[in-house]
Amino acid sequence: ARGKGKGRPRVYAPRFPKVKEEGWYMLLGDPTTHELLALRRLSLEERSAVRLLIPRYNGAGQELRTATLYFMSDSYLGLDQQYEVQLMSGAGSKGGAAGGAAAGQQQQQGGDDA
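Just so we're clear, the structure is a prediction, and the values are computed from it rather than from any experiment. Residue positions are given per chain, counted from 1 along the sequence in the order it is written. A pLDDT threshold of at least 70 governs which residues receive local features in this predicted model, and a stricter bar of 80 or more applies before side-chain atom pairs are shown or counted, although totals over entire chains, interfaces and linings include all residues. Working from all heavy atoms in the structure, the side-chain values ignore hydrogens and water.

## Some points on the pattern of salt bridges
So, step 1. Salt bridges, as used here, are contacts in which a Lys or Arg side-chain nitrogen is within 4 Å of a carboxyl oxygen on Asp or Glu. According to the stated counting rule, one finds three salt bridges in the structure shown.
So, step 2. With its nearest N and O atoms 3.2 Å apart, the salt bridge here joins Lys20 to Asp74. Here Asp74 lies in the loop between strand 3 (66–73) and strand 4 (81–87) and Lys20 lies in the segment before strand 1 (24–30), a separation of 54 residues in the sequence.
So, step 3. Accessibility here uses a 1.4 Å probe with only protein chains present; expressed as a share of the type maximum, an area under 20% marks a residue as buried, one over 50% as exposed, and anything in between as partly exposed. Accessibility expressed as a relative area gives 17% for Lys20, which makes it buried.
So, step 4. Arg41 serves as the salt-bridge partner of Asp74, at 2.9 Å between the closest nitrogen and oxygen. With Asp74 in the loop between strand 3 and strand 4 and Arg41 in strand 2 (residues 35–42), this pair connects stretches of sequence that are 33 residues apart.
So, step 5. Given a relative accessible area of 26%, Asp74 falls into the partly exposed group.
So, step 6. Through salt bridges with shared partners, one network takes in Lys20, Arg41 and Asp74. Segments assigned H or I by DSSP are reported as helices when at least four residues long, segments assigned E as strands when at least two residues long, and all are numbered from the N terminus.

Next up, the structure:
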């Protein structure tokens, strides 16, 4: 366990020329149109909160009801995860965005495709 103030975990990478710290990417995509909807680079410590602005409509002009959320490591193979999320109705949100709200996560097979 790390104490407070120690920063992000370091990666064992003996051939990397300098100290490498863990990094993660969170991507939101629409598998029906093969479209990337949101991308965020994360540095996870003990806890993190992230806000994504999700468009209400995909590139084909259809309202988004589901999307796939991917968590991908920039350091380790086999740790990638993906979740199908149901997007809540955009009622009450402004500016054509779904407001970043998602409900009902269901885990799917993790991606070993890296």
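## Let's talk about a nonpolar patch on the surface
So, step 1. On the surface, Tyr25, Leu36, Leu39 and Met72 cluster together into a nonpolar patch covering about 360 Å² of accessible area.
So, step 2. Residue position: Met72 is located in strand 3. Every patch collects residues that have over 30% relative accessible area and no salt bridge, joining them within 9 Å if they carry like charges and within 5 Å if they are nonpolar side chains (Val, Leu, Ile, Met, Phe, Trp, Tyr). Reported accessibility uses the Shrake-Rupley method at a 1.4 Å probe radius. Residues are deemed covered only where the shown protein chains occlude them.

## Brief notes about the packing of aromatic side chains
So, step 1. When two rings of Phe, Tyr or Trp (its six-membered ring) have centres within 6.5 Å they constitute a pair, described as stacked for plane angles under 30 degrees, edge-to-face for angles over 60, and tilted for the intermediate range. With the rule as written, the count across this model stands at one aromatic pair.
So, step 2. Seen in terms of ring centroids, Phe71 and Tyr83 are 6.0 Å apart; in terms of plane orientation they differ by 80°. Their pairing is edge-to-face. Highlighted residues: Phe71 in strand 3 and Tyr83 in strand 4, separated in sequence by 12 residues.
So, step 3. For Phe71, a relative accessible area of 22% puts it in the partly exposed group.
So, step 4. Overall, Tyr83 belongs to the buried group, its relative accessible area being 15%.

## Observations regarding the environment of Ala60
So, step 1. Summarising the element assignment, Ala60 is placed in the loop between strand 2 and strand 3.
So, step 2. Assessed through its relative accessible area of 53%, Ala60 is described here as exposed.
So, step 3. Linking Ala60 and Thr32, residues 28 residues apart in sequence, is a C-alpha distance of 9.9 Å.

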